[in-house]
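# Breakdown of the fold
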Amino acid sequence: MCEKAYRLRLYPTAEQKTLIDKTIGCARYVYNKFLAARMELYKAEKKSLSYNQCSAGLTVMKQEEETSWLQEVDKFALQNSLRDLDKAYANFFQGRARFPRFKKKHGKKQSYRTNFTHGNIAVNLECRTIKVPKLGWVEFRTDKLLKKFPEKILNATVRRTASGEYYVSVVCKTEVELLPSVGTAIGVDLGIKDLGVLSTGEHILNPRHYRKAEQKLIRLQRAYARKENGSKNQEKARLKVARQHEKVANQRKDLLHKFSSKLIRENQVVCIEDLSVKNLIRNRKLAKSIQDAGWGMLHAMLDYKARWYGRVVVTVGRFYPSTKTCHVCGHTVPMLTLDVRSWQCPVCRTVHDRDENAAINILNEGLRILAG
Ligand SMILES: [Zn+2]
C-alpha cells in the first residue's frame, strides 16, 4: 500500500468560494492565535503548549461569543492548523526548520486541510463532483483519465492560488505493483537551463512549449515592474504574472513527473546530487524560484516512486566535486567556470563534456556509497 495524491481543479459556486475563503481565513487565524499564545507563554514562564492543550483552548474559543464564528467552518481544518503548528515547532526543535512564522493573509499558500471520516469526502467521477465537508458537492475537472477513484481516502487539502483558482489535493491509499528489477544504475547531473544530463550521455531537454512559457513569464514580470505602484494597471499585471507563474510551475511539475518516472522505470539505482549543491549557483531571478522548488520536488518524487516500485535512490553529498574531477583518471582540476562546456584533462588528455562527466562521477560516487 502507498499514498498517492490526486489534484483536481475545483469549480466552486460563489457561495462555496466564500466558504472556502472563510475556512482558509479561520485556519490561518487559529494558527496565528496559538503561535502567539505559545510564544507568549514561553516568554513569560518558559513553558510550552501541547497539541492537546491547544485543542482544548480552541474548544473554549468556539464557545466564546467574540470568536463563535469559528463554529461555522470545517472543524478538521482548524484542528489541522493546530497539528501543523505543533509539527512546525517539532521541526524547529529538531533542527529541521526555522522558527514557525505567522501566516500571512496574502502569502503564497492559501489552503486548509480536512480529514476523512465516515464518507465526508467522496468523489463522483460520473458527475465530476467531489464532496467536501461543509461545502457539499463541488464540481471539478482533471486532465488525467480517471477511470476509478481509490476507495481509501485519507485527507484533502483545499487551495486557492494567487490568481484566484481553486484546487483540491486528495490523498488516498492505493496498491502499487513493484516493477520487475533491472540491472542498470544511472547518474544524473541536474541542469540549470534544462532538466539534466545522464551518465549514459543522454541530455534531457526542456520542451519548446515550456521554454516559451518561461520566456513569457519573464516578459510579464518585467511589464509588472514598470507599472505604477498601487495602480489598477499594476493589479492587472500582477494577476497576469500570477497566472503565468502557476502555468509554468504546473508544466514544470509535469516534466518532473515524466523525468522521475523515466529514471525509476529504466533503472534499479538512481544516483543524484544533493540539491544544496545546485542552490549555490546563481541564476536568472525569476525562473530560479521555480527551479529551486523543482529540484526539491524531483528529489521527493524520486524518493517516493523508488519506494513504490522497489528501486534505490542514492544522494551524493554536496562536497563531492563531480564537475571538476576527471572520471577517467580521477584528476581534479582547480576551477571550471559556468561557461566552460567541455574541457580536456591535463593528465590523461580525455576531452569531457562538462555535464556528462559530472553525471558519470555522480554515478560512480553513488555506487561507492551504496557499496559502503
Ligand atoms: Zn583524466
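So, here's what we can say about the structure.

Conventions used here
- Residues numbered from 1 in each chain as written.
- Predicted model: local features only at pLDDT ≥ 70, side-chain atom pairs only at ≥ 80, totals over all residues.
- Helix = DSSP H or I, 4+ residues; strand = E, 2+ residues; numbered from the N terminus.
- Buried ≥ 20, exposed ≤ 12 C-beta atoms within 10 Å, placed from the backbone.
- Contact = placed C-beta atoms within 7 Å.
- Pairing = 2+ DSSP bridges.
- Axes fitted to C-alpha atoms, helices over the stretch in contact; angles between N-to-C directions.
- Core = buried A, V, L, I, M, F, W, Y, C linked by C-beta atoms within 7 Å.

## A short note on the overall build of the protein chain
- Each helix and strand counted, the protein chain has 8 helices and 14 strands in total.
- Overall size of the protein chain, expressed as C-alpha extent along the three principal axes, is 80 × 55 × 55 Å.
- Taking all 372 residues of the protein chain together, the buried fraction comes to 28%.
- Intrachain contacts of the protein chain at a sequence separation of at least 6 include 67% that bridge at least 24 residues.

## Comments concerning the sheet that holds strand β11 (residues 269-273)
- The strand order across the open sheet built from 5 strands is β10-β9-β8-β11-β12, with neighbouring strands paired in mixed fashion. Either end of the sheet is taken by a strand with one partner, and the two such strands are β10 (203-204) and β12 (312-316).
- Pairing of strand β8 (residues 185-190) with β11, which is carried by 4 bridges, proceeds in the parallel orientation. Within β11, the residue paired with I186 across the bridge is V270.
- Across the face of the sheet, helix α8 (residues 354-371) comes into contact with β8, β9 (196-198), β11 and β12 while running at roughly 130 degrees to β8.

## Side note on the sheet that holds strand β4 (residues 129-132)
- Strand order across the open sheet formed by 7 strands is β2-β6-β7-β1-β5-β4-β3, with antiparallel pairing between neighbours. Whereas interior strands pair on both sides, the edge strands pair on one side only; in this sheet they are β2 (110-115) and β3 (122-124). Sheet twist, expressed as the average angle between the axes of neighbouring strands with direction ignored, equals 35 degrees.
- In this fold helix α1 (residues 14-45) packs onto β2, β5 (136-141), β6 (152-160) and β7 (166-174), with an angle of close to 90 degrees to the strand it touches most, β2.

## Let's talk about the environment of S81
- With respect to the helices and strands, the residue S81 is situated in helix α3 (residues 75-93).
- Taking the C-alpha atoms as reference points, S81 and K103, 22 residues apart in sequence, are found 11 Å from one another.
- Excluding residues within four positions of it along the chain, S81 makes contact with A27, V30 and Y31.

## A closer look at the pairing of β6
- The pairing of β2 with β6 spans 6 bridges and is antiparallel. Among the inter-strand pairings, Q110 is bridged to a residue of β6, identified as R160.
- Where β6 and β7 come together, 8 bridges link them in antiparallel fashion. Following the sheet pairing, N155 is matched in β7 by V171.
- Taken together, β6 and the strand that follows it, β7, pair antiparallel across an intervening segment of 5 residues, in which G164 is found at a positive phi of about 90 degrees.

## What about the nonpolar core?
- Within the largest apolar cluster, 36 residues are counted, with the highest numbers of intra-cluster contacts made by A27, V132 and V168.
- The set of elements that each furnish at least two residues to this core consists of β1 (2-11), α1, α3, β4, β5, β6 and β7.
- Examining the composition of this core, we find that 9 residues originate from one element, α1, more than from any other.
- Non-local contacts of A27, meaning those with residues more than four positions away in its chain, are made with A77, L78, S81 and Y112.
- Formed by 22 residues, the second largest nonpolar core is a distinct cluster that contains L190, L256, L263 and V316.

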